[in-house]
Amino acid sequence: MMRVSRSAALVARQSAVQVRNSSSLQVTISGLNYVGTGLSAIALAGVGVGIGNVFGSFLLAAARQPNMVRALFNYAILGFALTEAIGLFALMIAFLMLFA
């Protein structure tokens, strides 16, 4: 039976261990940056639903009262603009989390 000296076993163990340049906590935090960006993009789906509701309600109201189409269209455009602004704010936050 061959005996391995203690120093030879220590050298073999040290060569098997890989040295990491960054801590696992730092890698996890940078990975969560992408998760947060994806979660903030969920708001864009809500904006799509909101815009659909605005114009769907406009079509229903225009069908019920055709003489009010011009006034209702102005309200629909206002609702579209406000809903789209929320989407742009969500997109801005997503880009800030991704690139800042």
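Not measured: the values here are computed from a predicted model.

Participant: Explanation requested: helix α3 (residues 42-64) in the structure shown.
Facilitator: Given 3.6 residues per turn, any residue in an α-helix points the same way as the ones three and four places further on. Between its first and last C-alpha atoms α3 spans 34 Å; for 23 residues at 1.5 Å apiece the expected length is 33 Å, and the two agree. Turning to α3, its buried residues number three or more, namely V47, G50, I51, F58 and A62.

Participant: Explain the packing of aromatic side chains to me, please; I cannot follow it from the model alone.
Facilitator: Working definition: an aromatic ring pair is given by the centre-to-centre distance plus the angle between the planes. For the structure on display, the rule yields 3 aromatic pairs. With 5.8 Å between their ring centres and 50 degrees between their planes, F55 and F80 make a pair best called tilted. Placement of F55 in helix α3 and of F80 in helix α4 (residues 69-99) is noted, with a sequence separation of 25 residues between them. Residue classification places F80 among the partly exposed residues on the basis of a relative accessible area of 31%.

Participant: Would you mind going over the packing of α3 against α4 with me for this structure?
Facilitator: Taken N-terminus to C-terminus, the directions of α3 and α4 make an angle of 175 degrees; their axes are 9 Å apart at the nearest point. The angle between α3 and α4 places the two elements in the roughly antiparallel class. Residues A43, L44, V47, G50, I51, V54, F55, F58, A61 and A62 of α3 lie in contact with α4, whose contacting residues are V69, L72, F73, A76, G79, F80, T83, E84, I86, G87, A90 and L91. Considering only residue class, the contact of α3 with α4 consists of 17 nonpolar, 4 polar and 1 charged.

Participant: Can you help me understand the environment of A62 in this one?
Facilitator: Within the secondary structure, A62 sits in helix α3. C-alpha of A62 to C-alpha of F73: the two residues are 11 residues apart in sequence and 8.5 Å apart in space. In contact with A62, other than residues within four places in its own chain, are V69 and L72.

Participant: Just checking my understanding: could you explain the environment of F99 for this structure?
Facilitator: Within the fold, F99 resides in helix α4. A residue is classified by how much of its surface remains accessible, and F99, at 67% relative accessible area, is exposed. Once the C-alpha coordinates of F99 and N33 are considered, the two residues, 66 residues apart in sequence, prove to be 9.2 Å apart.

Cut-offs applied
Residues numbered from 1 in each chain as written. Predicted model: local features only at pLDDT ≥ 70, side-chain atom pairs only at ≥ 80, totals over all residues. Heavy atoms only, no water. Helix = DSSP H or I, 4+ residues; strand = E, 2+ residues; numbered from the N terminus. Expected span 1.5 Å × (residues − 1). Buried < 20%, exposed > 50% of the residue type's maximum accessible area, 1.4 Å probe, protein only. Phe/Tyr/Trp six-rings, centres within 6.5 Å; stacked < 30°, edge-to-face > 60°. Axes fitted to C-alpha atoms, helices over the stretch in contact; angles between N-to-C directions. Parallel < 35°, antiparallel > 145°, perpendicular 65-115°, else oblique. Contact = heavy atoms within 4.5 Å. Nonpolar A, V, L, I, M, F, W, Y, C, P; charged D, E, K, R; others polar.

Shape descriptors only; they carry no functional weight alone.
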